[in-house]
Amino acid sequence: MGNQTEIISKIIRERYGNADFIPLHSPYFGGNEKKYLNECIDSTFVSSVGAFVDQFEAEIRKITGSKFAIAVVNGTSALHTALILAGVKRDDEVISQSLTFVATTNAISYIGANPVFIDVDKDTLGLSPEKLADFLAQNTHQDDAGNCVNNKTGRVIRACVPMHTFGLALRIEELVKVCRNHNIKVVEDAAESLGTYVDGKHTGVFGDLAVFSFNGNKVATSGGGGAIITNDDNLGKLAKHITTTAKTPHPYEFFHDQVGYNYRMPNINAALAVAQLEQLDEIVANKRETAQFYHERFLNNGVNFVAELENTKSNYWLNTVLLDNETERDSFLHGTNQSGIMTRPIWTLMNKLPAFEMMQCDDLSNSEWLEKIIVNIPSSFISNK
Ligand SMILES: *Cc1c(COP(=O)(O)O)cnc(C)c1O
């Protein structure tokens, strides 16, 4: 085992004990989960409507401070819907990160739009406002209608999807400013950042729309689930409408006024989510303690921990360290996983996947550098019960 592997493993074991297997992130069910699931089954409303869906949406509005929250079946469908609502159409372009989970890029493709990959900042792992501003200044012009047009392709850049990586907030205020200057809508992929704040405001309220995921591996889970938030009255109402088959309200008639989607979150999933959201503050506080534990010890041992920016408060969904180089990274992954400590590298960059390798890329030197040296280490909630 290499020196860094030994040092980091020892600190992880100090935090998570000597179990045979330490998972990367397991869900925590310490509240009313079973109670609400039973209530939901007893009510017979387990499917596409029910009180828990309404409660879940109210809770998301409260947590984020957003005017509208729409429950959907997963984070990917939330992204697909948010991009449609942002006005993205076939053959448009959408700016995004190549350093992200594939769902971000897939959602752009579902519409027949093309991602354009811009670099991330090394410290936030999120889309770089500076790099985006440079790219737009050098490679785009405004057409008569005020659209931002890509000089190379002649296509309209309609939207931008920045992603708050591992729950760390990116420089979202600066990024939104750059996009506004170029008439580009912003959809925040906040799938990983429930409970993360920038200047006291919840991630997701800076752009035109944002999405969250409640998949089993996220900070709070509904089994599978997602949410869309927006402050825009029209977009908020439309989001609910098109994710529920675009049915015109009527006691018994079936009339659908446009193509809609069956993207509803089932009530039984919402029941689980409501119980989870009741514990969100506790979960995030606990995860932040783990991050602080790691950060202090890593600082003293020369390990490069990725910490939140000063004006932000991260949920520290997955704690992240940077190793010295790719060889160290590989030996770390091998050593830890072999000794029962689950760790993992970051995703393969989107521009290297077969479906997206022909898409336009700006300089991606930070993403390329990070891809080789990032690892996630165990970050689960620690229960004293
Ligand atoms: C989890 C995740 C999603 C998608 O969420 P699902 O609920 O799994 O569909 C989207 N983007 C990012 C960055 C994610 O981590």
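Here the structure is shown first, and the text comes after it.
Scope of this entry: the structure provided in the associated data block.

What counts, and at which threshold
Residues numbered from 1 in each chain as written. Predicted model: local features only at pLDDT ≥ 70, side-chain atom pairs only at ≥ 80, totals over all residues. Heavy atoms only, no water. Helix = DSSP H or I, 4+ residues; strand = E, 2+ residues; numbered from the N terminus. Rg over C-alpha atoms; globule rule 2.2 N^0.38 Å. Buried < 20%, exposed > 50% of the residue type's maximum accessible area, 1.4 Å probe, protein only. Pairing = 2+ DSSP bridges. Contact = heavy atoms within 4.5 Å. Axes fitted to C-alpha atoms, helices over the stretch in contact; angles between N-to-C directions. Near = heavy atom within 4 Å. Polar contact = N/O pair within 3.5 Å; in protein donor to acceptor, adjacent residues only side chain to side chain.

What follows deals with the overall build of the chain. Scanning the chain from terminus to terminus reveals twelve helices and 16 strands. Here the chain has a C-alpha radius of gyration of 21 Å; the compact-globule value for 385 residues is 21 Å, and the two agree. Principal axes of the C-alpha set define a box for the chain whose edges measure 65 × 60 × 35 Å. Out of the 385 residues belonging to the chain, those deemed buried represent 55%.

Below, the discussion takes up the sheet that holds strand 12 (residues 304–305). Taking strand neighbours across the sheet as the criterion, the four strands line up as 12-14-16-15 in an open arrangement whose pairing is antiparallel. Every interior strand has two partners, whereas the edge strands, strand 12 and strand 15 (344–345), have only one. Pairing of strand 15 with strand 16 (residues 374–377) involves two bridges; the strand directions are antiparallel. Counterpart to P345 in the pairing with strand 16 is V375. Sheet strands touched by helix 12 (residues 365–373): strand 14 (319–322) and strand 16. Its angle to strand 16, the strand with the most contacts, is close to 50°.

We now examine the site of the ligand. What surrounds the ligand is a group of 15 residues, the closest being G75, T76, E192, S213 and K218. G75 places a main-chain nitrogen or oxygen 2.7 Å from an oxygen atom of the ligand. Taking T76, its side chain carries an N or O atom lying 2.6 Å from an oxygen atom of the ligand. Residue assignment for the shell around the ligand shows that the elements contributing at least two residues are helix 4 (75–85) and helix 5 (102–110). Considering every element that reaches the shell around the ligand, the biggest residue donor is helix 4, with three residues.

Take the environment of F29 next. Its location among the elements puts F29 in the loop between helix 1 (3–16) and helix 2 (33–43). Classification of F29 by relative accessible area gives partly exposed; the value is 45%. Sequence separation between F29 and R264 is 235 residues; the distance between their C-alpha atoms is 23 Å. When sequence neighbours within four positions are dropped, the list of residues in contact with F29 reads T221, L272, Q276 and Q279.

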